[in-house]
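What follows is each chain in one-letter form.
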Amino acid sequence: MTRLRRSFGAPLAALIVLLTGIWVLGLIAAPQVIMIEQSLWKMDRPAGADELSVQIDRLYNRLDMLALDRAAARTLSTPSATDAKLAQIDAERAAVAAEIADLETRESTPVRTWTLTNYAQMGQAHLRIFAKTILAALAVTAIAFAVCYPIAFAIAKLEPPRRAALIMLALVIPYAINELLRVFAWQMILNYGGPLNAALGLLGIGPVPFLESGSGVFVAMVYAYILFMVFPLYNVLETLDMNQIEAARDLGAKTWQIHRRIVLPHARPGIAVGCIMTFMLSAGSYSVPYIMTRGTAAPWFAQLVYNRFFQASDWNVGAAYAVSLLAVCTGFVFLMMRLLKVRLRDIAK
Amino acid sequence: MTRTGSGLLLRIYMGVFFLYMFLPLAIMVAAGFNDYSPPSVTVWKGFTLHWFTELWQDRRMWSGLANSVLIAGAVIALALPMGLAGALLLGRLGSRAAGVLYTAMVSPLLTPGIILGISTVIFWRGLDVSAGLFTAILAQTTFIASYTMLMFMARLQRQDGALEEAALDLGATPFQAFRRITLPFLRPTILTAAVIAFLQSFENYNTTMFAIGGEHTLVTEIGSRMRFGLSPAINALGILFILATVAFALAWAALKAHERRAAEQAT
Amino acid sequence: MTPTPSGMDIALSGAAVRFGTFQAVHPTDLTIEAGEFFSILGPSGCGKTTILRLLSGFLDPSEGEVRIGGQPMAGIGPSDRPTALIFQNLALFPLMTVWENVAFGLEMRGWKTARRRARAFELLDMVALGGQGDKLPSELSGGQRQRVAIARALAVEPAVLLLDEPLSALDLKLRQHMRAELKQLQETTGITFVYITHDQGEALTMSDRVAVMNRGRIVQVGSADDVYDRPATAFVATFVGEMNRLPGRIESVAEGRARIATAGGSFLAPNPGGLAPGAEAVLFLRPERLHLLAPGEAAANVLEGGLVRRDMEGAFSTLIVETGAGRLTVQRVNSGSGGLPAGPLRLGFADRAGVILPAGETADDAA
Ligand SMILES: Nc1ncnc2c1ncn2[C@@H]1O[C@H](COP(=O)(O)OP(=O)(O)O)[C@@H](O)[C@H]1O
Ligand SMILES: [Mg+2]
């Protein structure tokens, strides 16, 4: 803190701490904490609700008894005795009625109960969708890496620098164009009457219901997120000294050995970034399944989350779903960092 | 011989990859000029600009555009100071504290967008603020400030620490040194960060969709129309997006080339 | 011109700097006179810059005290000290023009634009950069940038100018030229200069006094002659200039001198440390103090050897001679008569030529 004040002066230092604090605590940490908290409770019947209802039943019986007593009291000998008895009975009836009212509100007012059942709510069907989403995201990541590694390597190391810059600029265009438009293009292509089915028709196949079967989602996902793999890979490979490759070749390494021993180890931070981004975007993608399936195929996990919140209005279960997704993504980040031996610091480009 | 052979193979592979990247966009563009609805390229009914006029008259698109610009402006106003403050703070902390803070500040980039949106809405609902433009702004700021922070951090790392010290040594107060030395040094990054923040905000779908409640932006509106792909007006809008992106990329490249030439002349 | 400011004196008493557990500067007592050209000489990483940062106020001593002009400096930041620092890499502000750089300190002191611009151009004239004021630093040559840095520091009229290896980025010719300029500048301004360098040539030619530093300690303070001719430790002896080393054992002592028995014979030399007979010691001997003896010529100390190599270096030649005490370097003025006669060589040196010091860390060990 003294260092900060010394570097910027007290007012500026205070402003810096304040702004960072609002961002890190107010925008990043607090919402996550509240979301996790929300996933851990639900509104439930109060504890001992069963006993309460037994008690209420008993009180109703008592009320009936009092009504009988009251009828009996009318036939008492002296009017004064009758009045006294009636007053006594009425007072008791009022007391019992009040107690019933109190117990009934207690019985019917839900209380916040801490529980893990929100997570258990997922059930077989939703669990299967969750697993399908995660597996698809893993597959998208693997495919993207396999497709992009040769591309990134070829651009970074085999093209002359000027042309490499030009190629990357060309790739920026599909990368920068809105994700929705990229997905929409594939919706058109894979549509029942789209160009792909038209081409298949010429071969006497189809038409294939790509969109309705859900396979279109996967194809469009690869397309939508593949460039998030290219750029990080290209950035690290560009910094690889060509002399290292040549030295290895000079020492007798074969192409695959050069990649395994020189290029891939150098590219670790880029691989980590690319895989994390691709996985995270695919696993949490709402737009791609939303647009590609048009609601005709089984939903993906992000859609389930959306439905919990905005259709079923069950925010506690929705929060539990969101936290599950968050946990998987966080786990994937740690896994990649562990596997590739990179730290978060290396990841920033 | 094998070297050139594998080189050729790589070339072909790259060509296929580029075809894969651009052909879908070309198909979408073509459908935007086809006088046939729903958007199609298999049935060609002739060239038309009709869909552009239809788009022009679409009120919801215009209000979405207004919201998008409003949100982006607010996000810039929040994410730039926050990202800069974070980067400055990071540079003055011990390595342990800096590590923790850094992790916290980049974590939104590693979090699925829908979670940022959802958690923001949950948080503000607890304070009786319902989802809308406000929550969309905050949810976007959460991760866009991470981008600006990284940009400022990279720039600050390239600054020669001796410059600020020289200013102090010559009698500047810390604030003066910051204003006269560091801030001018950061100016180009401030501009770039503002542009990046604008684009990130304007184009965002996943986070916004979950955070915006009943309101809409241009992109969420596109999303809700696309699902059914009814009118090629969406394609027309896509064409405009592509044109803007291409123009932007070219301008960017020109600017970079200009900067590089200026730098070469300076040395 | 404003009247030339006069220098202030500097006093370190027990000042030390620790970074965590690492002792960068051990407790140091040091006095620098007002108006003195004082150099701190030492190998890279020995703590020179750290001492300078202590004086300029970027660092506080972990213990001890710094006084400038008699005033304790504790709690006074760099902005408020009567010092100006010239950075190792100059640290010119790249986005400001040359004159704006020079006027920056005046701007911070609230001078109006016209006045500080005029003063900046005056100072630029003084460092022979009259026409360059409106350029950017990046448009100047290395030597010109150097002068801008000097003018910028002088603009705030410091009583002490702190220079951190300011010439290290220049080429040899320019470096020698700038040495003379700096020395002259110091004499005309009367400012105290504290000059840091790892280049002994710079330190010896410019300074009134030199402090030699090693591993966070000042090991000797004295004039250039003192440190060259009367080194206090083995480290100083070997760090400043070339040195032959003849290890041995003290035989006898008398009148500040001692006789030392080495593998090449027994020699008489000054014994400033007062080493007692029987002590392990080293005889240090400068190459230029060793002479080739003509046949029959006598000397206080004599040893014989065979020539291994002769390197012609222009004014001098360097001979490598294999003797009983190992290989010795001999420097010899070229007389124009060419090479040497074949056969064994006799070397001689005066009884005041060498110096006997306790064995200890030398510059070669440190490197
Ligand atoms: N801020 C610091 N933190 C830790 N160690 C430092 C710091 N500054 C300098 N050092 C260490 O102190 C020693 C002396 O550094 P310095 O004074 O810069 O040496 P030089 O004599 O080359 O100028 C070096 O070993 C350096 O690594
Ligand atoms: Mg130094």
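Note that the structure is predicted; figures quoted are calculated from it, not measured.

About the thresholds
Counting restarts for each chain, with residues numbered from 1 along the sequence as it is written. Both sets of labels track the order of writing: A upward for chains, 1 upward for ligands. Restriction of local features to residues with pLDDT of at least 70 applies here, the model being predicted, together with a cutoff of 80 or more for giving and counting side-chain atom pairs; totals for whole chains, interfaces and linings are based on all residues. Side-chain figures throughout are based on the complete set of non-hydrogen atoms in the structure, without hydrogens or water. Under the DSSP-based scheme used, a helix requires at least four consecutive residues in state H or I and a strand at least two consecutive residues in state E, with every element numbered from the N terminus. Throughout, the radius of gyration refers to the C-alpha atoms, and the reference size of a globule is 2.2 Å times the residue count to the power 0.38. When checking whether two residues touch, look at their non-hydrogen atoms; a contact exists if any pair is within 4.5 Å. Using a 1.4 Å probe, accessible areas were evaluated by the Shrake-Rupley method; residue-level cover was limited to the displayed protein chains. A residue counts as positive if it is Lys or Arg and as negative if it is Asp or Glu; His and the chain ends are not included. Just so you know, the charge point we use is NZ for Lys, CZ for Arg, CG for Asp and CD for Glu. We call a pair of cysteine sulfur atoms a disulfide whenever their separation is within 2.5 Å. UniProt positions are given in the numbering used here, feature names are shortened, and annotations may be inferred rather than shown by experiment. Think of it this way: a Phe, Tyr or Trp ring, Trp meaning its six-membered ring, pairs with another when their centres are within 6.5 Å, and the plane angle makes it stacked under 30 degrees, edge-to-face over 60, tilted otherwise. Only lysine NZ and arginine CZ atoms are considered, and such an atom sits over a ring when it is within 6 Å of the ring centre and within 35 degrees of the ring normal. For two strands to pair, DSSP has to find at least two bridges joining them. Between the N-to-C directions of two axes lies an angle of 0 to 180 degrees, each axis being a line fitted to C-alpha atoms and, for a helix, fitted only over the stretch in contact. Each residue is assigned to one of three classes by its accessible area relative to the maximum for its type, calculated with a 1.4 Å probe on protein chains only: buried under 20%, partly exposed between the two thresholds, exposed over 50%. Crossovers are marked right-handed if the path from the first strand over the helix to the second runs clockwise, as seen with the strands pointing away from the viewer. Residues are counted as near a molecule or strand when any one of their heavy atoms sits within 4 Å of it. Under the rule applied, a polar contact is a pair of N or O atoms within 3.5 Å (in protein, one hydrogen donor and one hydrogen acceptor; residues adjacent in sequence only if both atoms are side-chain atoms). Note on residue categories: nonpolar means Ala, Val, Leu, Ile, Met, Phe, Trp, Tyr, Cys or Pro, charged means Asp, Glu, Lys or Arg, and polar means any other residue, Gly included. The rule for a salt bridge is simple: a side-chain nitrogen of Lys or Arg has to be within 4 Å of a carboxyl oxygen of Asp or Glu. Buried area is a sum: the accessible area each of two parts loses on coming together, probed at 1.4 Å, counted once for each and added. Cavities and pockets were defined on a 1 Å grid built over protein atoms only: a cavity is a set of grid points that admits a 1.4 Å probe from which the probe cannot escape, a pocket is an open set flanked by protein on both sides within 12 Å along at least five of seven lines, and lining residues are those with an atom within 4 Å of any such point. Grid points are joined across faces, edges and corners, and a volume is the space filled by probe spheres set on the points.

S.K.: An account of the overall build of chain A is needed here, citing residue identities and associated values.
M.R.: For chain A, the count of helices and strands is 18 helices and two strands. What you see for chain A is a C-alpha radius of gyration of 34 Å, clearly larger than the 20 Å of a compact globule of 349 residues, by over 25%. Taken over the C-alpha atoms alone, chain A extends approximately 125 × 75 × 35 Å along its principal axes. Counting contacts in chain A only where the partners sit at least 6 residues apart, residues at least 24 apart contribute 76% of the total. Surface accessibility of chain A: about 16900 Å² in total, with carbon and sulfur atoms responsible for 63%. For chain A, the distance from the average position of its 31 positive side-chain charges to the average position of its 23 negative side-chain charges is 16 Å.

S.K.: Before we move on, could you go through the state of the cysteines and cite the residues and values that matter?
M.R.: Covalent bonding between the sulfur atoms of two cysteines defines a disulfide. Inspection of every chain in the model, using the stated rule, returns zero disulfides over all chains. There is no disulfide at Cys329(A), and the cysteine sulfur nearest it, in Cys275(A), is 13 Å away.

S.K.: Describe in detail the UniProt feature "transmembrane region" (unreviewed entry) in chain B, supporting the description with residues and values.
M.R.: All names here are of chain B. The positions UniProt marks with the feature "transmembrane region" (unreviewed entry) are residues 12-33, 69-90, 102-124, 130-150, 185-202 and 233-255. Secondary structure across residues 12-33 comprises 95% helix and 0% strand; the distance between its end C-alpha atoms is 31 Å. Its end C-alpha atoms 27 Å apart, residues 185-202 is made of 100% helix and 0% strand.

S.K.: Now, about the packing of aromatic side chains: what can you tell me, with residues and values included?
M.R.: The tally for this structure, following the rule as stated, stands at 39 aromatic pairs over all chains. Aromatic ring contacts, followed pair by pair, group Tyr286(A), Tyr290(A), Tyr306(A), Phe309(A), Phe310(A), Trp315(A), Tyr205(B) and Phe210(B) into a single cluster. Here Arg155(B) stacks its cationic end above the ring of Phe185(B), 4.0 Å away from the centre of that ring. One cation-aromatic arrangement involves Arg152(C) over Phe93(C); the distance from NZ or CZ to the ring centre is 4.6 Å.

S.K.: How would you summarise the sheet that holds strand S14 (residues 280-285) of chain C if you had to cite specific residues and measurements?
M.R.: Strands in a sheet are paired, the pairing made by backbone hydrogen bonds, and the direction either parallel or antiparallel. All names here are of chain C. Taken together, five strands build an open sheet; the order of strands is S13-S12-S11-S14-S20 and the sheet is antiparallel. Pairing within the sheet leaves two strands with one partner each, and these edge strands are strand S13 (265-270) and strand S20 (355-357). Sheet twist, expressed as the mean angle between neighbouring strand axes with direction ignored, is 45 degrees. As defined by bridge partners, strand S11 (residues 244-254) adjoins S14 across six bridges and the pair is classed as antiparallel. Along S14, the bridge assignment pairs Pro 247 with Val 282.

S.K.: Got a sec to walk through the UniProt feature "transmembrane region" (unreviewed entry) in chain A? Specific residues and values, please.
M.R.: All names here are of chain A. Residues annotated in UniProt with the feature "transmembrane region" (unreviewed entry) correspond here to residues 12-36, 129-152, 164-185, 217-237, 270-292 and 319-340. Taken end to end, residues 12-36 comprises 100% helix and 0% strand; its first and last C-alpha atoms sit 34 Å apart. In residues 129-152, the share of helix is 100% and the share of strand is 0%. The end C-alpha atoms are 33 Å apart.

S.K.: Go over the pairing of strand S7 (residues 160-164) of chain C, please, and point to the residues and values.
M.R.: Residue and element names in this part refer to chain C. Among the five residues in S7, five count as buried, and that is most of the element. Burial of S7 is two-sided: the residues Val 160, Leu 162 and Asp 164 facing one way and the residues Leu 161 and Leu 163 facing the other way are all buried. As paired elements, strand S6 (residues 83-86) and S7 share four bridges and run parallel to each other. Residue pairing in the sheet places Thr 83 in a bridge with Val 160 of S7. Note: S7 against strand S8 (residues 192-197), five bridges, orientation parallel. Paired with Leu 161 across the bridge in S8 is Phe 193. Between S7 and its parallel partner S8, the chain crosses via helix H5 (residues 172-189), and the hand of that crossover is right-handed.

S.K.: Explain the site of ligand 1 to me, using residue names and the numbers behind them.
M.R.: All names here are of chain C. As a matter of local geometry, ligand 1 sits amid Phe 19, Phe 22, Ala 24, Ser 44, Gly 45, Cys 46, Gly 47, Lys 48, Thr 49 and Thr 50. One of the backbone N or O atoms of Gly 45 is found 2.6 Å from an oxygen atom in ligand 1. The contact in question runs from an oxygen atom of ligand 1 to an N or O atom on the side chain of Thr 49, over 2.5 Å. Protein coverage of the free-state accessible area of ligand 1, which is 560 Å², stands at 57%. Of all the elements in the fold, those that place two or more residues in the shell around ligand 1 are strand S2 (22-32) and helix H1 (48-56). Grouping the constituent residues of the shell around ligand 1 by class yields four nonpolar, five polar and one charged.

S.K.: I'd like a description of the pattern of salt bridges, backed by residues and values.
M.R.: Considering all chains together, one arrives at 28 salt bridges over all chains under this definition. The salt bridge involving Arg230(C) is made with Asp226(C); its shortest N-O contact spans 3.0 Å. The partly exposed category is assigned to Asp226(C), whose relative accessible area is 26%. One salt bridge connects Asp351(C) with Arg257(C), and the closest N-O pair in it is separated by 2.3 Å. With Asp351(C) in the loop between strand S19 (345-349) and S20 and Arg257(C) in strand S12 (residues 257-262), this pair connects stretches of sequence that are 94 residues apart. For Asp351(C), a relative accessible area of 23% puts it in the partly exposed group. Within the structure, one salt-bridge network assembled from shared partners comprises Asp58(B), Arg60(B), Glu221(B) and Arg225(B).

S.K.: Give a detailed account of unusual backbone geometry, specifying residues and quantitative values.
M.R.: All names here are of chain C. At Leu 90, a position not held by glycine, the phi torsion is positive, near 75 degrees. Tracing the backbone shows Leu 90 in the loop between S6 and helix H2 (98-108). Phi is positive for Ala 128, which is not a glycine, with a value near 65 degrees. The residue Ala 128 is located in the loop between helix H3 (113-126) and helix H4 (142-155) in this model. Taking relative accessible area as the criterion, Ala 128 reaches 59% and is therefore assigned exposed.

S.K.: Got a sec to walk through the interface of chain C and chain B? Specific residues and values, please.
M.R.: Facing the 25 residues of chain C at the interface are 17 residues of chain B. Between chain C and chain B, a total of about 1800 Å² is buried, with carbon and sulfur atoms accounting for 61% of that surface. Contact with chain B buries area across many residues of chain C, yet Ser79(C), Phe93(C) and Met108(C) alone supply 26% of it, more than any other trio. Inspection of the region where chain C meets chain B yields two salt bridges. For the salt bridge of Arg53(C) with Glu165(B), the shortest nitrogen-to-oxygen distance reads 2.6 Å. Summed over the shared surface of chain C and chain B, the number is seven residue pairs in polar contact (both at pLDDT 80 or more). Elements with a minimum of two residues in the side of chain C that touches chain B: H1, S6, H2 and H4 of chain C. Broken down by element, the side of chain C that touches chain B gets its largest block of residues, four residues, from H2(C). Residues belonging to the side of chain C that touches chain B are distributed by class as follows: 15 nonpolar, six polar and four charged.

S.K.: Summarise the interface of chain B and chain A; cite the residues concerned and give the values.
M.R.: Taken residue by residue, the interface counts 89 residues in chain B and 90 residues in chain A. Taken together, the two surfaces of chain B and chain A that pack against each other cover about 7900 Å², and 77% of this comes from carbon and sulfur. Ranking the residues of chain B by area buried against chain A places Leu110(B), Ile122(B) and Arg227(B) at the top, with a combined share of 9%. Applying the counting rule to chain B against chain A returns one salt bridge.

S.K.: Tell me about the layout of surface pockets, and please be specific about residues and values.
M.R.: In this structure, the second largest pocket encloses a volume near 990 Å³. Taken together, 33 residues form the lining of the second largest pocket, with Arg3(A), Arg6(A), Ser7(A), Arg92(B) and Leu168(B) sitting closest to its centre. Breaking the lining of the second largest pocket down by element, the ones donating at least two residues are helix H1 (2-8) of chain A together with helix H3 (59-91), helix H6 (133-157) and helix H7 (161-169) of chain B. A total of five residues in the lining of the second largest pocket trace back to one element, the largest contributor, which is H7(B). Its residues placed into classes, the lining of the second largest pocket shows 13 nonpolar, eleven polar and nine charged.

S.K.: Tell me about the pairing of S11(C), residues and numbers included.
M.R.: Residue and element names in this part refer to chain C. In this structure, S11 lies alongside S12, joined through six bridges in antiparallel fashion. Within the sheet, the bridge partner assigned to Ser 252 lies in S12 and is Arg 259. Remark: two residues form the turn of the hairpin made by S11 and S12, two consecutive strands paired antiparallel; Glu 255 in that turn has positive phi of roughly 50 degrees.

S.K.: Could you give an account of H1(C), naming the residues involved and the relevant values?
M.R.: Residue pairs three or four apart in sequence face the same way in an α-helix, which turns once every 3.6 residues. All names here are of chain C. Burial runs high along H1: seven of the nine residues are buried. Taken together, the buried positions of H1 are Lys 48, Thr 50, Ile 51, Leu 52, Leu 54, Leu 55 and Ser 56. Looking one or two residues beyond H1, the residue adopting positive phi is Gly 57, at roughly 100 degrees.

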